[in-house]
Amino acid sequence: MTSTPPDILRTAPTPLLQIVGASKRFGAVQALFDVDFEVDAGEVVALVGDNGAGKSTLVKAIAGTSPPDSGVIHFEGRPVSINTPKDATDIGIATVYQDLALCDNLDVVANLFLGHESTKGGLLDESAMEHVAEGLMSRLSVSIPSLRTQVASLSGGQRQSVAVARATMGKPRVVMLDEPTAALGVSQTKEVLQLIRTLRAQELGVVVISHNLADVFAVSDRIIVLRLGRRVGMFHTAETGPDEVVAAITGVAEHAEDAA
């Protein structure tokens, strides 16, 4: 009997973040049914589906704002418990919600450090915070008029970039973005998509919830489709097209799960 050479043997890599069998019920409404989800380091996974598909519920389950009723979450191959947003942050998961939660009357530096300001001699260390903020924005290739510009005067794309930059201050391994290009113009959308590519290049796992399939195909590596609380499809972006994804979203293809 001939044995298989070790270099031919293939083992599936362990995802950076994986949730297995997530279910969630709100009263009489079953929002998630035994959903699996995974994202690897250096990968952008788009989570798509119609309204009510369970996308936000799944993200909130991972983010700790609404833990699942059942299911197991693994991070870097080990099981973890995420019952609060702090649990998710401590593990290395950051979430940027659609409302961004920025303070319009504060400048960029103040927004980045809000709640964890640097102090020196009992006073705000503005110089130190500005130095860190400058390095962070440079690393993410974010272009803004000034670090001292009030957030209220920034464009939608710039505001999204500030929110993402703030989320990465704790050096997370996974960043989840809820509709990051919603209501943005063409040029602003381009800025945000480039920021997502920058996060991927830095070996972060990136999860993007979006209704815009053009954006999804422009930036994602894989697309996972939810429909009525169930995972009904997984596609490698480079190997599929919008028609297949739409068929899964609408239920035309109930068994679109890609076995590759």
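Reading guide: rules and limits
Residues numbered from 1 in each chain as written. Predicted model: local features only at pLDDT ≥ 70, side-chain atom pairs only at ≥ 80, totals over all residues. Heavy atoms only, no water. Axes fitted to C-alpha atoms, helices over the stretch in contact; angles between N-to-C directions. Helix = DSSP H or I, 4+ residues; strand = E, 2+ residues; numbered from the N terminus. Parallel < 35°, antiparallel > 145°, perpendicular 65-115°, else oblique. Left-handed = near helix turned anticlockwise from the far one by under 90°. Contact = heavy atoms within 4.5 Å. Nonpolar A, V, L, I, M, F, W, Y, C, P; charged D, E, K, R; others polar. 1 Å grid on protein atoms, 1.4 Å probe; cavity = no way out; pocket = protein on both sides within 12 Å on 5 of 7 lines; lining within 4 Å. Points joined across faces, edges and corners; volume = space filled by probe spheres on them. Pairing = 2+ DSSP bridges.

*Asks:* Could you clarify how one ought to interpret the packing of helix α5 (residues 156-167) against helix α6 (residues 186-201) in this entry?
*Replies:* Any two packed helices are characterised by the angle at which their axes cross and by the distance between the axes. Contact pair α5 / α6: the axes reach a minimum separation of 8 Å and the direction vectors enclose 20°. In terms of axis orientation, α5 runs roughly parallel to α6. Crossing of α5 against α6: the hand is right-handed. Between α5 and α6, the residues in contact are Gly156, Gly157, Gln158, Gln160, Ser161 and Val164 and Gln188, Glu191, Val192, Leu195 and Leu199, respectively. Of the residues assigned to the contact of α5 with α6, the class counts are 4 nonpolar, 6 polar and 1 charged.

*Asks:* What am I meant to see in the layout of surface pockets here?
*Replies:* Once rolled over the atoms, a probe with the size of a water molecule shows which space is left empty. Looking at the largest pocket, its volume works out to about 410 Å³. If you trace the largest pocket, you find 18 residues lining it, with Thr89, Ala94, Thr95, Val96 and Ala167 closest to the centre. Taken together, the elements giving at least two residues each to the lining of the largest pocket come down to α2 (85-91), β6 (93-96) and α5. Within the lining of the largest pocket, the residues separate by chemical class into 12 nonpolar, 5 polar and 1 charged.

*Asks:* What's the story with the pairing of strand β2 (residues 29-39) in this structure? I'm lost.
*Replies:* Strand residues, when the strand is regular, have side chains that alternate between the two faces of the sheet. Judged from the 7 bridges that link them, strand β1 (residues 17-26) and β2 form a sheet pairing that is antiparallel. Paired with Lys24 across the two strands is Leu32, which belongs to β2. A loop of 2 residues connects β1 with β2, the two strands running antiparallel in sequence, and Gly27 in this loop sits at a positive phi of about 65°.

*Asks:* Help me understand the environment of Val207 in this model?
*Replies:* When you line up the elements, Val207 lands in strand β10 (residues 205-209). Distance from Val207 to Ile196, taken between C-alpha atoms, is 9.5 Å for residues 11 residues apart in sequence. Here Val207 is in contact with Phe37, Val39, Val45, Val175, Met176 and Leu177, once residues within four sequence places are set aside.

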